[in-house]
Amino acid sequence: MRLRSLGVALATAAALVTIPSQIPAAAAEVPLSQGRTAASSSDENAGTPAAGAVDGDTGTRWSSARSDAQWLQVDLGASATLSRVVLNWEAAYGKDYKIQVSDNGTSWADIRSVTGGDGGTDTLDVSGQGRYVRMQGVSRATEYGYSLWEFQVFGTSGTGNPPAGDCAAANAAQGKPATASSTENAGTPAASAFDGNTGTRWSSQASDPQWVRVDLGSVQDICKVDLSWEAAYGREFTIQASADGQDWTTLKSVTNGTGGTVSHDVSGSGRYVRINGTVRGTGYGYSLWEVAVHTGTGGVPPVEGGGDLGPNVIVVDPNTPDLQGKFDQVFAQQESNQFGSGRYQFLMKPGTYNGINAQLGFYTSISGLGLNPDDVRINGDITVDAGWFNGNATQNFWRSAENLSLKPVNGTDRWAVAQAAPFRRIHVEGGLNLAPAGYGWASGGYIADSKIDGTVGPYSQQQWYTRESSVGGWTNGVWNMTFSGVQGAPATNFDSGPYTTLDTTPVSREKPFLYLDGNDYKVFVPGKRTNARGVSWPANAGGTSLPLSQFYVVKPGATAATINAALAQGLNLLFTPGVYHLDQTINVDRANTVVLGLGLATIVPDNGVDAMHVADVDGVRLAGFLIDAGAARSDTLLQVGAPGSSADHAANPTTVQDVFIRIGGAGPGLATHSMVINSDDAIIDHTWIWRADHGEGVGWETNRADYGLEVNGDDVLATGLFVEHFNKYDVVWSGERGRTIFFQNEKAYDVPNAAAVTHDGIVGYAAYKVADSVDVHEAWGLGSYCNFTSDSSIVQHHGFQVPVKPGIRLHSIQVVSLGGKGQYAHVVNDTGAPTSGSDTIPSKITSFP
């Protein structure tokens, strides 16, 4: 455990006066870096992100992994002339380090070197110009990493800082109607803070929180807010805007205010502007001589598309020095880092790579940058094994490989994964082994749009779904091996074996992917396929290419307000690897918007907001990211279509691909609804919706989430559906003509007793429930498993619950008791033999009814 050093400060309290000083207090100089986007080579944990060093709060910090050559950088938003850099070190400081500057975030120049540093606060005079400023660590002074309470950059800003656009000098708030949460007395009303008179003021009662707001009379673009505090100032407060006076958007958060007269550059719009105080700087209330609001005559500055891909995207080519070392370095950090904050994406330029073995750990993705898989040829391996977990592959989650070809060194590649580990658009010139070394337990997995020339050997894999691919053979399986549109797939034998095979996939569309067109990055968006069989490449028929300039490249530190502004102006989103804490719901309202993540980019909704809402529009593509529930309960983490949506999207459906949801595990998480699909015709192609059964913040109520997937839209198709451990129903399907091809489920391990899940006279909530109102529904390859570790005497009534109607048909369904920890009485409704004993023998029904 590392202890923060304690400082003791003595202060003399003076009585507050109620008349203004003739000379207002000077405002503290605000660093160009404060509140800007920050990134780092690594974060020690989720509580010490890069943003913690540029937030103006000396109680938060950034800290790195325990190795040298770590860095922290800040994007000033535009080029600036630099004069001074201040580093406020925590106890784990840098002994030797450099201050570097860059115009593009890629090519760096040294502007100051420090050797023999002794920690504390380093104030460095510098001379240089650039948009990005970096502390590049060389040698640590302690056994820990590098740790900074604050990293401050001072100088003269260029364009973009303050925000671009014409910010009017006039005070748009002067003389406008004002209200407040409270007033100290009749002589200090809210209106006095907006009357243009520095001799009058508003003051509140002496309690937290308090607010004062003004009505501008119409929605306007807001670019700057000036605050002139009386001696009773706000230490922590937010500047907020609202169109209706009900729903508020935070434009600026101040966590270490010092009072005086301060100007805050902001970007947003609203009719109402509010100063919302949460922590007072004195024992009195809040008191403001004046609040001035400046509006933009040129509108809110647009969010720029394109740009570099950020610090955690590693772009390589066949001539990259020590390429194997780069793979090994990331793997050493990520091999067992199951709930850490590190996120990495390897992008491989077209060409031939010889003799490499890219081992993939947690939150690590590898993708080719060709338009077709064979444009990137690896004479070597991409390996996932389970040495970190003693040969058990059941927790090899959250990693991916995509859009390349490989020729394994020994003829067979090893891909021993569990959930949330897609294998897409891969050409394997050899075989594929899906089991860990030693054939330990394994619980995967998903393959799509891939060609495996040799044989696929699942061996110990309990279940697997393969879609629209080609295999040279398939050797075996444990419980549930399901195929749709796979050339070379084994025939259905569910009566006596694990196979369920559909000749084609009814409707599909491959996941969007990043590629290089010459030297330019583009995103290819594949078209819809109907009754498809085999891979979609090399023809890639029906797709479109979007230049990177049409994407807001989201980097760690980006705010939800900026993300929503980018969407509002018509940009798509490319989330670079990182963890994004957001205080607003991301609203995707435009048809055909692409939201694509790299390196398992992770969205965390804070303060109980929903993570993402998609409007009921055509052709939105969501792909390649993780939504991690926050500590405050969200109602719905991902919603596609508003309740009651009914538009026809059959010609151009919305797709949700490799979008994963997690509640708990990385820390306490809460949500009532996890993924809700209200739009018709949507396609869910590979998702893992998981209420955590291990990690931190895990408990029946600690990470409570009642529902996994809820489908209310009609004609929705799910291919590769993994949903586990919810407090009530894992899947509830209420839309008509729904279809599921492959479903894997485990019931919640931590059910305290049968009473906790008894409802309507039934013990246990079904893993997959079709609502009684539904007339037509069909599903293939379904499995539910129980492992009631808290009370092994629980007998779940059934795994599946459906109305008995001519249009309701289930094929290849089973329930399994894992080692006798609880049992099932039936498979579907009241049909099917009970499980018994501890031999993990499935109870099956080939077809229902």
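Cut-offs and rules
Every chain begins its residue count from 1, and numbering advances along the sequence as written. Residues qualify for local features only when their pLDDT is at least 70, as the model is predicted, and side-chain atom pairs are given and counted only at 80 or more; totals for whole chains, interfaces and linings, by contrast, use all residues. Note that water and hydrogens are dropped before the side-chain values are worked out from all heavy atoms of the structure. Elements are defined by DSSP. Helices are runs of H or I of four residues or more, strands are runs of E of two residues or more, and each kind is numbered from the N terminus. Throughout, exposure labels follow a simple rule: accessible area from a 1.4 Å probe, protein chains only, divided by the maximum for the residue type, with under 20% read as buried, over 50% as exposed, and the rest as partly exposed. Contacts between residues were defined by any pair of non-hydrogen atoms, one from each residue, lying within 4.5 Å. Note that accessible areas follow from Shrake-Rupley with a 1.4 Å probe, and for residues the cover is restricted to the protein chains shown. Here, any two strands with at least 2 DSSP bridges between them count as paired. In this analysis an axis means a line fitted to C-alpha atoms, helices contributing only their contacting stretch, and an angle means the value between N-to-C directions, from 0 to 180 degrees. Disulfides are defined as pairs of cysteine sulfur atoms found within 2.5 Å of each other. Aromatic pairs are defined between Phe, Tyr and Trp rings, using the six-membered ring for Trp, whenever the two ring centres lie within 6.5 Å; interplanar angles under 30 degrees are classed as stacked, those over 60 as edge-to-face, and all others as tilted. In our convention, an over-ring charge means Lys NZ or Arg CZ found within 6 Å of a ring centre and within 35 degrees of that ring's normal. Using a grid of 1 Å spacing that covers the protein atoms alone, one calls a set of points a cavity when a 1.4 Å probe fits there but cannot get out, and a pocket when the set is open and has protein on both sides within 12 Å along at least five of seven lines; lining residues are those with an atom within 4 Å of a point. Grid points are joined across faces, edges and corners, and a volume is the space filled by probe spheres set on the points. Note on residue categories: nonpolar means Ala, Val, Leu, Ile, Met, Phe, Trp, Tyr, Cys or Pro, charged means Asp, Glu, Lys or Arg, and polar means any other residue, Gly included. Per residue, pLDDT measures the predictor's confidence, with a range of 0 to 100. When a carboxyl oxygen of Asp or Glu lies within 4 Å of a side-chain nitrogen of Lys or Arg, that pair is called a salt bridge.

Turning our attention to the overall build of the chain. When helices and strands are tallied, the chain shows two helices and 57 strands. Principal-axis analysis of the C-alpha atoms gives the chain an extent of 90 × 60 × 50 Å. Counting only residues that meet the buried cut, the chain has 59% of its 849 residues in that class. For the chain, restricting intrachain contacts to residue pairs at least 6 apart in sequence, the fraction spanning at least 24 positions comes to 67%. About 30200 Å² of surface is accessible on the chain, with carbon and sulfur atoms providing 48% of the total.

Of the consecutive residues D208 and P209, the connecting peptide bond is found in the cis state with omega at -10°. Topologically, P209 is positioned in the loop between β9 (202-203) and β10 (210-229). Cis geometry is found at the peptide bond from W537 to P538, where omega equals 10°. Examined against the element boundaries, P538 turns out to sit in the loop between β33 (528-532) and β34 (544-547). Despite not being glycine, D760 has its phi angle at roughly 50°, a positive value. Structurally, the position occupied by D760 is in the loop between β50 (758-759) and β51 (762-763).

Next up on the list: the sheet that holds strand β31 (residues 513-517). Note on sheets: strands pair through backbone hydrogen bonds, and any given pair is parallel or antiparallel. Read from one edge to the other, the open sheet built from three strands follows the order β31-β32-β34, with strand pairing classed as antiparallel. In the strand order of this sheet, the two ends are held by β31 and β34, each with one partner. Between one strand axis and the next, the sheet turns by 40° as a mean value, whatever way the strands run. In this sheet, β34 lies alongside strand β32 (residues 520-525) in antiparallel orientation, the contact comprising four bridges. Bridge assignment links V523 to a residue of β34, and that residue is L546.

This part covers the state of the cysteines. Overall, the coordinates contain one disulfide when judged by the stated rule. Disulfide pairing places C167 opposite C223 at an S-S distance of 1.9 Å. Between C167 and C223 the sulfur-sulfur dihedral comes to about 95°; the bridge is accordingly right-handed. In this pair, C167 is assigned in the loop between β7 (147-157) and β8 (178-180) and C223 in strand β10, connecting sequence segments 56 residues apart.

Now for the packing of aromatic side chains. The final tally for this structure, using the stated rule, is 31 aromatic pairs. Both rings, one in F397 and one in W398, keep their centres 5.1 Å apart while their planes meet at 75°; by these two values the pair is edge-to-face. Side by side, F397 and W398 carry an identical accessibility label, which is buried. When the centroid spacing of 6.3 Å and the interplanar angle of 75° are considered together, the rings of F743 and F800 count as edge-to-face. Of the two residues, F743 is situated in strand β49 (residues 738-746) and F800 in strand β54 (residues 795-801); the sequence distance between them amounts to 57 residues. Neither F743 nor F800 differs from the other in exposure class; each is buried. Within the aromatic cluster, the residues linked to one another by ring pairs are F339, F362, Y363, W388, F389, F397, W398, W688 and W690. Positioned above the aromatic ring of F362, the side-chain terminus of R399 is 4.5 Å from the ring centre.

What follows is about the pairing of strand β53 (residues 777-786). A large share of β53 lies buried, amounting to ten of its ten residues. The sheet contact formed by β53 and strand β55 (residues 808-817) spans nine bridges and is parallel. The partner of H777 across the bridge, within β55, is I808.

Summed over all chains, the structure comprises three cavities of 30 Å³ or more. When its volume is computed, the largest cavity comes out at roughly 180 Å³. Lining the largest cavity are 21 residues, and of these Q345, S367, E402, K511 and G597 lie nearest its centre. Here the element with the most residues in the lining of the largest cavity is strand β39 (residues 594-605); it accounts for five residues. Among the residues making up the lining of the largest cavity, the classes are represented as nine nonpolar, nine polar and three charged. Roughly 80 Å³ of internal volume is contained in the second largest cavity. Classifying every residue of the lining of the second largest cavity gives three nonpolar, three polar and three charged.

Caution applies to low-pLDDT regions: their predicted coordinates should not be interpreted in detail. Chain-level pLDDT for the chain is 91 on average; 95% of the residues reach the 70-or-more range. This stretch, residues 1-28, has a pLDDT under 50; its non-local contacts, to residues over four places away or in other chains, come to 29 contacts. In this model, residues 159-165 is a region of pLDDT below 50 whose contacts with residues beyond four sequence positions or in other chains number 13 contacts.

In this section: the sheet that holds strand β40 (residues 612-614). Judged by pairing direction, the sheet is parallel, and its nine strands sit side by side in the order β38-β40-β42-β44-β46-β48-β52-β54-β56 without closing on themselves. Taken across any chain shown, the strands that pair with only one partner, and hence form the sheet edges, are β38 (586-588) and β56 (823-828). On average, each strand axis in the sheet is tilted by 25° relative to the strand beside it, whichever way the strands run. The pairing of β40 with strand β42 (residues 634-640) spans three bridges and is parallel. Its bridge partner being in β42, M612 is matched across the sheet by L638.

Counting across every chain of the model gives 33 salt bridges. The shortest N-O distance in the salt bridge between R662 and D628 comes to 2.6 Å. With R662 in strand β43 (residues 655-663) and D628 in strand β41 (residues 621-628), this residue pair connects regions lying 34 residues apart in the sequence. D628 carries the same exposure label as R662, and that label is buried. For R737, the salt bridge goes to D714, with nearest N and O atoms at 4.0 Å. In this pair, R737 sits in the loop between β48 (731-733) and β49 while D714 sits in the loop between β46 (705-711) and β47 (717-724), placing the two residues 23 residues apart along the sequence. Given a relative accessible area of 23%, D714 falls into the partly exposed group.

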